[in-house]
Protein chains: 2
Amino acid sequence: MIEARHLRVLRAVATTGSFSAAGRELGCTQPAVSQQMKALEASVGTPLLVRNGREMRLTQAGEALVRHASGILAGLTAAEEEVAAIAGLRAGRVRLVSFPSGTSTLVPAALAALRAAHPGTRVSLEEAEPPKSAELLREGECDLTLAFRYEGAAVAEDWDDLVVRPLLTDRLVALVPERHRLARAESLAIGELAEEPWIAGCPRCRGQLVEVCEGAGFVPRIDFATDDYPAVVGLVGAGLGVAVLPQLAVESVRPRGVRMVRLEPAVRREIVALTLPDLAQVPAVAATLEQLARAAGRG
Amino acid sequence: MIEARHLRVLRAVATTGSFSAAGRELGCTQPAVSQQMKALEASVGTPLLVRNGREMRLTQAGEALVRHASGILAGLTAAEEEVAAIAGLRAGRVRLVSFPSGTSTLVPAALAALRAAHPGTRVSLEEAEPPKSAELLREGECDLTLAFRYEGAAVAEDWDDLVVRPLLTDRLVALVPERHRLARAESLAIGELAEEPWIAGCPRCRGQLVEVCEGAGFVPRIDFATDDYPAVVGLVGAGLGVAVLPQLAVESVRPRGVRMVRLEPAVRREIVALTLPDLAQVPAVAATLEQLARAAGRG
DNA sequence: TTCGAGCATAAGGCTTTCTTGGGGATGGTG
DNA sequence: CACCATCCCCAAGAAAGCCTTATGCTCGAA
């Protein structure tokens, strides 16, 4: 079985014309070259070199091998170069999945920084809500995902097999119309909104809302539900009800005719980046993760 | 530095999807595969495989490497195949150099046998007289050469650095016109022809002739000289003189109007095949040499 | 829960490969 | 003509690499 190392040596011998010179070129001693060539000749079963007097010539078999060697070694070099580019962040692609409010806040900042630091890397972005995102990760459909979990949620997602990197802690805020009686409050308990009509967000947030309200002893009357955060804010601004949203989600929307009031006691959600243990070792993934942490102020 | 062995293992892992299966395919154990992959990942500096649960997936770097691997391994296989063909006498070329009377006798028989035994091999044939032929060998211009030397010649060629394979012993015969007074002799001493006009052959043979005559105490009167053996025979047949030729040279010519008479004491020349020590190990050269020996009756 | 399959790791033995040191041959040079 | 530099081969010892066996752990299915 011919080895690449043998071809390298053979080529060096063929170009330099001597074992000693080849050894110097390859950074090893002349006997090493001599033994390599002997081993190669033994493995192919025919002489490759003819030594006559001082000069060294290739046999026909040697010429054939040298002829092939250039292509093989070029392919090897190209492979090494491509992998080195990926390892060295001069190339490489990260498939990132995020949830909407993360996409509009953390992600843009992180990707801008990533591009500035490593212009060769590419990031593809998909959106998915947490229960789905970890699944995509496990199925190999993405490399890195932003997810969140509410503190003390009834059913916590199982991330034991993943690398969990906390990015920041978000908290829920109440959104009330500007003229609402609680619009000027410093903070409020969610129970104070028990009788209000509600505007709910995404399905998961909606479940979380109901769970929190349950803890406060009431069932919210949900008049509207939409995935669209600006729409939620707009509906509240129009006086159609109140809402509870993650602060991060509100930040990406220009509030108009609404007031944000802190909830007390606070309901927090932890925003994390998830990846597979092996993928965390991939330079491009690690770099993206790092920029996400930095964008979240936890670099 | 990526090694071909690594690529083979990686490819097996990629196609089978597991280390164990790759090990079975490659005929080694699972830890061997595991260690190889670890070494490869270390050498390229980035993970190539992502293990998640039971399944094994390639990273982008791994995909790149597998993509290159097919071409590289195909090149290696092609190289091995070509060299194996040369080693196995299914291909290969021998550059043979011979002197004229060898070309017309030994060589055709040997090459016919070689072709029958190994149809893939090719022999290129050039003609050169002995002093030149060994030189061509040493200069790498040919692989195998037929040469001869006269027994007890004044200046023997130095073949110490060559492989000398004796093929057969030729002897000089006298050529006289059919009506010559010695035409019916069983044998003759060269001195008996001292007063005859001479027809000489090639320059080297001419030198040899003069040397032999000198030993017999006379200087031949050379009326004609030509490289062309049939011409020599023709001139003798026309009664223009006598000649001394190697028996082998005469055999290839239809004698017409001449008689061959054995010389006594015999003047012998040894016909040998010459090659370089390393070239004697080349299968195609060895096979050709063998057929030459066989054609000469010394197989 | 148990079982089978698969991967990782460690230790031991074997093979390979390198370096060093010495010997022989070649070809140019004083 | 002898000397010297260069280059190759060979042998021995040390170092590194590789493979195997044995063992433990995880995962997924019955």
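So, how was this worked out
- Residues numbered from 1 in each chain as written.
- Chains lettered and ligands numbered in written order.
- Predicted model: local features only at pLDDT ≥ 70, side-chain atom pairs only at ≥ 80, totals over all residues.
- Heavy atoms only, no water.
- Salt bridge = Lys/Arg side-chain N within 4 Å of Asp/Glu carboxyl O.
- Buried < 20%, exposed > 50% of the residue type's maximum accessible area, 1.4 Å probe, protein only.
- Domains from an automatic or database assignment.
- Near = heavy atom within 4 Å.
- Polar contact = N/O pair within 3.5 Å; in protein donor to acceptor, adjacent residues only side chain to side chain.
- Helix = DSSP H or I, 4+ residues; strand = E, 2+ residues; numbered from the N terminus.
- Least-squares fit on C-alpha atoms with pLDDT ≥ 70 in both.
- Contact = heavy atoms within 4.5 Å.
- Pairing = 2+ DSSP bridges.
- Buried area = accessible area lost by both parts, 1.4 Å probe.
- UniProt positions renumbered as here; feature names shortened; annotations may be inferred.
- Expected span 1.5 Å × (residues − 1).
- Nonpolar A, V, L, I, M, F, W, Y, C, P; charged D, E, K, R; others polar.

J.: Would you take a moment to explain the pattern of salt bridges for this structure?
T.: Pairing between side chains of opposite charge can happen when their charged atoms approach one another. This model, assessed by the stated rule, comprises 28 salt bridges over all chains. Note that A:Arg57 and A:Glu55 form a salt bridge whose closest N and O atoms lie 3.2 Å from each other. You can call A:Arg57 buried: its relative accessible area is 19%. A relative accessible area of 43% places A:Glu55 in the partly exposed class. The salt bridge partner of B:Arg262 is B:Glu264, with a shortest N-O separation of 3.2 Å. Taken together, the shared-partner salt bridges connect A:Arg171, A:Arg262 and A:Glu264 into one network.

J.: So what exactly am I meant to see when it comes to the domain arrangement of chain A here?
T.: The figure often quoted for interface size is the accessible area lost as the parts come together. For chain A, the domain assignment lists domain 1 (4-87) and domain 2 (94-272). In this structure, domain 1 of chain A and domain 2 of chain A have C-alpha centres spaced 62 Å apart.

J.: Would you mind showing me how to read the protein's contact with DNA strand C here?
T.: The environment of DNA strand C is made up of 18 residues, and the closest members are A:Thr29, A:Arg54, B:Phe19, B:Ser20 and B:Arg51. For DNA strand C, the fraction of atoms within 4 Å of the protein that belong to sugar or phosphate moieties is 56%. A:Gln36 places a polar side-chain atom, nitrogen or oxygen, 2.7 Å from a phosphate oxygen of DNA strand C. Measuring from a base nitrogen of DNA strand C, one finds a side-chain N or O atom of B:Gln30 at 3.3 Å. Elements supplying a minimum of two residues to the surface near DNA strand C: α3 (30-44) of chain A together with α2 (19-26) and α3 (30-44) of chain B.

J.: Would you mind showing me how to read the relation of the copies chain B and chain A here?
T.: To go from the first copy of the chain to the second, apply a rotation about an axis and then a shift along the same axis. The two copies are related by a screw operation: chain B maps onto chain A through 179° of rotation and 0.0 Å of translation along the axis, at an RMSD of 0.3 Å. Both copies are brought into coincidence by an operation consistent with a two-fold rotation axis. In this assembly the copies share their binding face: 100% of the residues contributing to the interface of chain B also contribute to that of chain A.

J.: Would you explain the pairing of strand β5 (residues 144-150) of chain B in this entry?
T.: The side chains of a regular strand alternate, residue by residue, between the two faces of the sheet. Residue and element names in this part refer to chain B. β5 sits mainly inside the fold: six of its seven residues count as buried. Strand direction decides the pairing type here: β5 and strand β12 (residues 268-275), joined by six bridges, are antiparallel. Of the residues in β12, the one forming a bridge with Leu146 is Ala273.

J.: What is the right way to read the interface of chain B and chain A from this model?
T.: In this assembly, 46 residues from chain B lie in contact with 46 residues from chain A. Roughly 3800 Å² of surface becomes buried between chain B and chain A when both sides are summed, with 61% attributable to carbon and sulfur atoms. A per-residue breakdown of the area chain B buries against chain A is headed by B:Gln60, B:Val83 and B:Asp278, which together make up 14% of the total. At the boundary of chain B with chain A, the tally comes to six salt bridges. When the shortest N-O distance is used, the salt bridge between B:Glu3 and A:Arg5 registers 4.0 Å. Scanning the region where chain B abuts chain A turns up 14 residue pairs in polar contact (both at pLDDT 80 or more).

J.: Teacher, can you tell me more about the UniProt feature "domain: HTH lysR-type" (unreviewed entry) in chain A here?
T.: Annotation from UniProt places "domain: HTH lysR-type" (unreviewed entry) at residues 2-59 of chain A. When the span residues 2-59 of chain A is considered, its composition is 62% helix and 14% strand, and the gap between its end C-alpha atoms is 17 Å.

J.: So what exactly am I meant to see when it comes to unusual backbone geometry here?
T.: Trans peptide bonds make up the majority, and among non-glycine residues the majority have a negative phi. All names here are of chain A. In this chain, Glu264 is followed by Pro265 through a cis amide linkage whose omega measures -5°. Even without a glycine there, the phi angle at Leu89 is positive, about 65°. One can find Leu89 in the loop between α4 (60-87) and β3 (93-98).

J.: How should I be thinking about helix α2 (residues 19-26) of chain A in this particular structure?
T.: Every α-helix carries 3.6 residues per turn, so stepping three or four residues along brings you back to the same face. Residue and element names in this part refer to chain A. Along α2, the residues that are buried comprise Phe19, Ala21, Ala22 and Gly23. At the N-terminal end of α2, a side-chain oxygen is found 3.4 Å from the backbone nitrogen of Ser20, two or three residues along, and the residue is Ser18. Downstream of α2 by one or two residues, Gly27 has phi in the positive range, about 75°.

J.: Is there a simple way to think about helix α11 (residues 283-295) of chain A in this case?
T.: Residue and element names in this part refer to chain A. Compared with the 18 Å implied by 1.5 Å per residue over 13 residues, the 18 Å span of α11 between its first and last C-alpha is a close match. Among the residues making up α11, those that are buried are Pro283, Ala284, Val285, Ala287, Thr288, Leu289, Gln291, Leu292 and Ala293. Just beyond α11, the residue with positive phi is Gly297, at close to 80°.

J.: Help me understand the protein's contact with DNA strand D, please; the structure alone is not making it clear to me.
T.: Inspection of the region around DNA strand D gives 19 residues, with A:Phe19, A:Ser20, A:Ser34, A:Arg51 and B:Arg54 positioned closest. When the atoms of DNA strand D within 4 Å of the protein are grouped by moiety, sugar and phosphate amount to 54% of the total. Here a phosphate oxygen of DNA strand D and a backbone polar atom of A:Phe19 are 2.6 Å apart. Residue assignment for the surface near DNA strand D shows that the elements contributing at least two residues are α2 and α3 of chain A together with α3 of chain B. A per-class count over the surface near DNA strand D returns six nonpolar, eight polar and five charged.

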